[in-house]
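Here are the chains, one letter per residue:
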Amino acid sequence: MLRASVLGLAFLATPALAETITWAGYDGPTTRYPHGVLGDTTEHTILRVKTDQGRALAIEWPTNIVFEDTDPLLVDLDADGTAEVLTVESHQSYGSRLSVYRLYDGSLSLAAATAFIGQPYRWMAKIGAADFTGDGHKEIALIDRPHLARTLRLYRYKAIGDTATLTQIAEAPNLSNHQIGWPYIASGIRTCGHNPEIITANADWSHIMATTFENGQLTSRPIAPYQGPESIQGALSCTP
C-alpha cells in the first residue's frame, strides 16, 4: 500500500500551464532489503518531488517494496509538457521492476510499472529515455539483470486519462551497464547523428556498444574497446 502526502502548497492568482515536476529524489533510508548491489545495503522507501508551482509532494512504500536505484529520472515521456518520474523498485519477494510516477489530479501517483522480475535480489538498471521510434514520444531503455540476464529492453509508455501502461517493444541480448558494488550506472543515450543510440558495454565488458532501434528491432555494434567507466563517458560525448 502506498501512502502519499502533500508537504507544501502554493496558490496562484492567475491560470497557469499544467503543473510539472521539476525535481525528484529518494528519502526514507532503510536496510529492510539488504541486496547491496549498489555498494551498500541502504535503499529508500520515499520518493519526493517538487513542482514548478512550489509544491512538495511525497509517496512512500511502508512495507515490502523499496526504491533500489541511483536517482529518479525526470522525462516527459508522452510529450504533454509535464514530466514523469522513472524509478526502479524492488519487492522483498519478487525482485525489481521499472515504475513510472506522475502528477494526476494534483497528486503524485504510480502511473504504470513493469512486472517484477520474479525473485528477490534480481535487479534492473535504467539507462534513460529518447524518441527511438520517431513518433514524438520517448521510449525507456534499461538493462534487465546486468550481472545475469544482461538484456537490453525498450519500453513504450502510454497514458490515456487515469490509465497508463508500459509495454516492451524490443530487446537485445549480451549487453550490460553495471558491475556489482558500483554506486553508479555506466550507460546513457547519445544522438551524434539523426537517431539516438544507447551506449552500454557488451556482456564481457570488452567493448563499448552502441544500440539503435531500426525496423522494429534493436541492433548493436561495437564502437570502441572498454577501458573503464570513463571510456563510456567519452562515448556519450560522441568521441568514438
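Structure: see above.
None of these values were measured; they are calculated from a predicted model.

The next subject is the nonpolar core. For soluble globular proteins, the rule of thumb is that nonpolar side chains tend to be buried together. Judged by nonpolar contacts, the single largest core of 21 residues is most densely connected at Leu77, Leu98, Trp123, Ile140, Tyr157 and Leu166. Listed by contribution, the elements that provide at least two residues to this core are strand 7 (84-91), strand 8 (95-104), strand 9 (107-113), strand 10 (124-130), strand 11 (139-144), strand 12 (151-160) and strand 13 (163-172). Here this core takes three residues from strand 10, the largest share from any one element. In this view, Tyr157 contacts Leu77, Asp78, Glu84, Val100, Arg102, Ala111, Ala112, Ala164, Thr165 and Leu166; residues no more than four positions away in its chain are not counted.

Attention shifts here to helix 1 (residues 229-236). Residues of helix 1 that are buried: Ser231, Ile232, Gly234 and Ala235. Angularly, the buried residues of helix 1 cover 155 degrees about the axis, an arc narrow enough to put them on a single face. Buried residues along helix 1 sit in contact with strand 15 (188-190), strand 16 (197-202), strand 17 (207-214) and strand 18 (217-225). Immediately beyond the C-terminal end of helix 1, within one or two residues, lies Cys238, with a positive phi of roughly 70 degrees.

Take unusual backbone geometry next. In this model, Asp105 sits at a positive phi of 55 degrees, which is unusual for a non-glycine residue. For Asp105, the position within the fold is in the loop between strand 8 and strand 9. For Arg145, which is not glycine, the phi torsion reads 50 degrees and is therefore positive. Positionally, Arg145 belongs in the loop between strand 11 and strand 12.

We now examine the packing of aromatic side chains. With the rule as written, the count across this model stands at seven aromatic pairs. Ring centres 5.1 Å apart and planes at 25 degrees place the aromatic pair Tyr26 and Phe67 in the stacked group. Note that Tyr26 is positioned in strand 2 (residues 21-30) and Phe67 in strand 5 (residues 65-67), a separation of 41 residues in sequence. For Tyr26, a relative accessible area of 15% gives the class buried. When the centroid spacing of 5.1 Å and the interplanar angle of 50 degrees are considered together, the rings of Tyr33 and Tyr121 count as tilted.

Turning next to the state of the cysteines. Going through the model one piece at a time under the given rule, you end up with one disulfide. Residue pairing for Cys192: its cysteine sulfur links by disulfide to Cys238, the two sulfurs lying 1.9 Å apart. Its S-S torsion of approximately -90 degrees makes the covalent link between Cys192 and Cys238 left-handed. You can see Cys192 sitting in the loop between strand 15 and strand 16 and its partner Cys238 sitting in the segment after helix 1, a full 46 residues away along the chain.

Calculation rules
Each residue is numbered by its place in its chain's sequence as written, counting from 1. A pLDDT threshold of at least 70 governs which residues receive local features in this predicted model, and a stricter bar of 80 or more applies before side-chain atom pairs are shown or counted, although totals over entire chains, interfaces and linings include all residues. To obtain the side-chain values, all non-hydrogen atoms of the structure were used and water was disregarded. For our purposes a nonpolar core is just a set of buried Ala, Val, Leu, Ile, Met, Phe, Trp, Tyr and Cys residues, chained together by side-chain atoms within 4.5 Å. Burial classes follow relative accessibility: with a 1.4 Å probe on protein chains only, a residue under 20% of its type's maximum area counts as buried, one over 50% as exposed, and anything between as partly exposed. Numbering goes from the N terminus for both helices and strands, where a helix is a DSSP run of H or I of at least four residues and a strand is a run of E of at least two. Should any heavy atoms of two residues lie within 4.5 Å, those residues are considered in contact. The directions considered for the arc are those from the helix axis to the C-beta atoms. Stacked, tilted and edge-to-face pairs are distinguished by plane angle, under 30 degrees for stacked and over 60 for edge-to-face with tilted covering the rest, among Phe, Tyr and Trp rings (Trp via its six-membered ring) whose centres lie within 6.5 Å. Only a pair of cysteine sulfur atoms within 2.5 Å counts as a disulfide in this structure description.

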